[in-house]
Amino acid sequence: MRHVVLASLLAVPLAAPAAAAGLGEFEMHGDVGAPKLAGSASYDAAAQEYALRAAGQNMWERRDEFHFVWKRLRGDFILQARVKLIGQGVEEHRKLGLMVRSSLEADSPYADAAAHGDGLTSLQYRRTRGAETEEVQSPVSGPDFLQLERRKNTYILSVARFGEPLTVSQIAELPLDEEVYAGLFLCSHNADVVESGVFQDVRVIRPVKEGFVPYQDYIGSRLEILDVESGRRQLVHSSAQPFEAPNWTTDDKALIFNSSGSSDATRGRLYRFDLATRTASVLDTGTAIRNNNDHVLSFDGKQLAISDQSQGGESAVYTVAVTGGAPRRITKRTPSYLHGWSPDGKHLVYVGGRGDEYDIYRMASDGSGDEERLTTAKGLDDGPEYSPDGKYIYFNSVRSGLMQLWRMAADGTQQEPVTNDAFNNWFPHLSPDGKWIAFLSFGTDVDPGDHPYYKQVLLRIMPAAGGAARVAAYVYGGQGTLNVPSWSPDSKRLAFVSNSDLP
């Protein structure tokens, strides 16, 4: 995705396809099927929001009339958007959504994710040119999040009322052209009426290709900021050079992330991303230049604890000034993966691989004394992080089967589960005000002890005092998305990384 810095608004009524300079992700837009009344498209770059106006008799049977915003894509991809029809509308079957189409002809083969005015949502498709439209109806009524994925000749519809898990439908053996038109659509379902719709958090995602080798092959990264209350996402940076795990500095001015990828020249560096200028600069960490995605700021914002494997090839924990400088080694034993800093600055908590077990350890932040083992349960314990009041350490553990969130007293006693659901839940991060826990959820297609790259995952939030979790973002990511504390100082926003193979 291009990162748009300047706010602009394009709204041009069309009778034929027109170039869409400045229209975000997309190349062109226009009416398909010659509707009686012309449609239009607009993009607000500051809000990263698309608005469509359209007429059109219908999108059904053997031909379609609608307004379309598109780009040409090849191979596999995923389209995502939060969608909303504006006003009461005239026809209950007015519809908007996501579409993949072989051509711009009215009778083209296609597949779409169509949300109707009456709540009906379906995967509509036409197998051949001029054939009757068919559909698979979703059991979810009135969803406002839509995802349409092309996986070879299979088209997968995933929908949700925002905040809920996805419900999936699909159609196989639908051989649309290799190069297709993919994008956003709106149809009024009435030739004499123009309706309006809005598309937010639009993402065009190119997933990993077949034959991808984990930790050898990489795709690009996108730095996003989530408004927790509204669920709106803002893309602030993207790069073909992969990066991971943003920390939010305590002065609210920057994010710190690590680079990854297969190149020794760039992998493992830390960067400071200035939120005002939207630029990244290398952070000096001396000889520690093989950092992974386990790096944490002290609560006072003055120091950074990192996990680096420059010396000896296995990860050890170091501390360094947040402004950069010579690193100080803390852990004597390896591998050790840093995850948390106590609010008083006196202790670090980390995951240690000792023998064939990975457990949670605590050690003085100045490196004095010996490490203290806090967990002894069989299986992986990971992701330890202190609560802002210092009373608890939250972590994730496979001890109950699936990976779930747990917590314990700061001395390792009173270990108890926090979640018990059908997901594999990783990396609990407490908001600075102590009210919320943000975490990442993988599906059961992933081994409970693994948190791989490039999966469809959920960023979820739950009350720290207890209660149901809700989905805050539907993300293509995984490893590197939310490994570290990523809350803004005011507890209102989260920074995270999503992934796409960038063109």
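Definitions and limits used
Residues numbered from 1 in each chain as written. Predicted model: local features only at pLDDT ≥ 70, side-chain atom pairs only at ≥ 80, totals over all residues. Heavy atoms only, no water. Helix = DSSP H or I, 4+ residues; strand = E, 2+ residues; numbered from the N terminus. Rg over C-alpha atoms; globule rule 2.2 N^0.38 Å. Buried < 20%, exposed > 50% of the residue type's maximum accessible area, 1.4 Å probe, protein only. Contact = heavy atoms within 4.5 Å. Areas by Shrake-Rupley, 256 points an atom, 1.4 Å probe, with all protein chains shown as cover. Pairing = 2+ DSSP bridges. Axes fitted to C-alpha atoms, helices over the stretch in contact; angles between N-to-C directions. Core = buried A, V, L, I, M, F, W, Y, C linked by side-chain atoms within 4.5 Å. Polar contact = N/O pair within 3.5 Å; in protein donor to acceptor, adjacent residues only side chain to side chain. pLDDT = per-residue confidence, 0-100. Phe/Tyr/Trp six-rings, centres within 6.5 Å; stacked < 30°, edge-to-face > 60°. Lys NZ or Arg CZ within 6 Å of the ring centre and 35° of its normal.

*Asks:* What should I look at first to understand the overall build of the protein chain in this one?
*Replies:* For the protein chain, the helix and strand inventory stands at 0 helices and 40 strands. In terms of C-alpha radius of gyration, the protein chain reaches 24 Å, essentially the compact-globule figure of 23 Å for 503 residues. Going through the 503 residues of the protein chain one by one, you find that 57% of them count as buried. Taking as baseline every contact in the protein chain between residues at least 6 positions apart, the subset at least 24 positions apart corresponds to 53%. If you sum the accessible surface of the protein chain, you get close to 19,500 Å²; carbon and sulfur atoms cover 48% of it.

*Asks:* Would you mind showing me how to read the sheet that holds strand β21 (residues 254-259) here?
*Replies:* On the basis of which strands lie adjacent, the open sheet formed by 4 strands has the order β20-β21-β22-β23 and antiparallel pairing. The outermost strands of the open sheet, each flanked by one partner alone, are β20 (243-248) and β23 (279-283). For this sheet, the mean angle separating the axes of adjacent strands, direction not counted, is 30°. Inspection of the sheet shows strand β22 (residues 270-274) paired to β23 by 5 bridges, in the antiparallel sense. The partner of Arg272 across the bridge, within β23, is Ser281.

*Asks:* What exactly am I supposed to notice about the pairing of strand β7 (residues 66-74) here?
*Replies:* Working note: regular strand, side chains alternate between the two faces of the sheet. Of all the 9 residues making up β7, 7 are buried; the element is thus mostly covered by neighbouring parts of the structure. Of the strand pairs in this sheet, strand β2 (residues 28-32) and β7 are connected by 5 bridges, and their pairing is antiparallel. Residue Gly30 lies in a different strand from β7, and its bridge partner there is Phe68. Inspection of the sheet shows β7 paired to strand β16 (residues 179-187) by 8 bridges, in the antiparallel sense. Paired with Lys71 across the two strands is Ala182, which belongs to β16.

*Asks:* Is there a simple way to explain the sheet that holds strand β3 (residues 40-44) in this structure?
*Replies:* Adjacent strands of a sheet form backbone hydrogen bonds with each other and so pair up, either parallel or antiparallel. What the 7 strands build is an open sheet, ordered β3-β4-β17-β8-β13-β14-β15; its pairing is antiparallel. Every interior strand has two partners, whereas the edge strands, β3 and β15 (167-171), have only one. Along the sheet, successive strands turn relative to each other by an average axial angle of 25°, direction set aside. Pairing analysis gives 7 bridges linking strand β13 (residues 145-151) to strand β14 (residues 154-160), with the strands arranged antiparallel. By the bridge assignment for β14, Arg150 is matched with Tyr155.

*Asks:* Before we go on, may I ask you to explain the environment of Gly197 in this structure?
*Replies:* Mapped onto the secondary structure, Gly197 falls in strand β17 (residues 195-205). Look at Gly197 and you get buried, because its relative accessible area is 1%. C-alpha separation for the pair Gly197 and Ala280, spaced 83 residues apart in sequence, amounts to 36 Å. Once residues within four sequence positions are removed from consideration, Gly197 is found in contact with Tyr50, Ala51, Leu52, Lys84, Leu85, Ile86, Leu96 and Leu186.

*Asks:* Please explain the nonpolar core as it appears in this structure.
*Replies:* A general trend in soluble globular proteins is that nonpolar side chains are found buried together. Membership of the largest hydrophobic core comes to 39 residues, with the highest contact counts inside it found for Tyr50, Leu98, Val100, Leu184 and Phe199. The element best represented in this core is strand β8 (residues 77-85), accounting for 5 residues. Phe199 has contacts with Glu49, Tyr50, Leu52, Ala81, Arg82, Val83, Leu96, Gly97, Leu184 and Phe185, leaving out every residue within four places of it along the chain. The next biggest cluster of nonpolar side chains, apart from the first, holds 21 residues, and it includes Val398, Leu459, Ala473 and Val475.

*Asks:* How do you make sense of the side chain of Lys71 when you look at a structure like this?
*Replies:* Here Lys71 is to be found in strand β7. A polar side-chain atom of Lys71 sits 3.1 Å from the main-chain carbonyl oxygen of Glu25. Residues within four places of Lys71 in sequence aside, it is in contact with Glu25, Phe26, Glu27, Val180, Tyr181, Ala182, Val204 and Arg206.

*Asks:* Looking at this model, I keep getting lost on the confidence of the model for the protein chain. Mind explaining?
*Replies:* Any segment with low pLDDT has predicted coordinates that should not be analysed in fine detail. For the protein chain, per-residue confidence averages 94 on the pLDDT scale, and residues scoring 70 or more make up 96% of the total. Scored below 50 in pLDDT, residues 1-20 shows 61 contacts in the model against residues more than four places distant or in partner chains.

*Asks:* Sorry, what's going on with the environment of Lys253 here?
*Replies:* One can find Lys253 in the loop between β20 and β21. Sequence separation between Lys253 and Thr277 is 24 residues; the distance between their C-alpha atoms is 9.9 Å.

*Asks:* Explanation requested: unusual backbone geometry in the structure shown.
*Replies:* For residues besides glycine, phi is generally negative; the peptide bonds are generally trans as well. Put simply, Thr334 and Pro335 share a cis peptide bond, and its omega is -5°. Within the secondary structure layout, Pro335 lies in the loop between β27 (328-329) and β28 (336-341). Backbone geometry at Glu61 places phi at a positive 50°, although glycine is not the residue there. The phi angle at Asp252 is positive, at roughly 65°, despite the residue not being glycine. Structurally, Asp252 is set in the loop between β20 and β21.

*Asks:* What is the right way to look at the pairing of strand β11 (residues 121-126) in this model?
*Replies:* For β11, the buried fraction is high: 6 of the 6 residues fall into the buried class. The pairing of strand β10 (residues 110-116) with β11 spans 6 bridges and is antiparallel. By the bridge assignment for β11, Asp112 is matched with Gln124. Between β10 and β11, which pair antiparallel one after the other, the connecting turn spans 4 residues, and Gly119 there sits at a positive phi close to 100°.

*Asks:* I keep staring at the packing of aromatic side chains and nothing clicks. Help me out?
*Replies:* Aromatic rings in a pair are described by how distant their centres are and how their planes are angled relative to each other. Per the counting criterion, the structure on display carries 18 aromatic pairs. Here the aromatic rings of Trp70 and Tyr181 are separated by 6.0 Å at their centres, their planes lie at 75°, and the arrangement is edge-to-face. Residue Trp70 is located in strand β7, and its partner Tyr181 is located in strand β16; the two are separated by 111 residues in the primary sequence. Ring centres of Tyr350 and Tyr361 lie 6.1 Å apart, and the angle between their planes is 15°; on these two criteria the pair is classed as stacked. Residue Tyr350 is located in strand β29 (residues 347-354), and its partner Tyr361 is located in strand β30 (residues 357-364); the two are separated by 11 residues in the primary sequence. On the accessibility criterion, Tyr350 (1% relative accessible area) is buried. Tyr361 gets classed as buried once you look at its relative accessible area, which sits at 6%. The rings of Phe66, Phe68, Trp70, Tyr181 and Phe185 are connected pair by pair, giving a single aromatic cluster. One residue, Arg82, lies across the ring of Phe162, its end atom 3.7 Å from the ring centre. Taking the ring centre of Trp406 as reference, the NZ or CZ of Arg399 above it sits at 4.7 Å.

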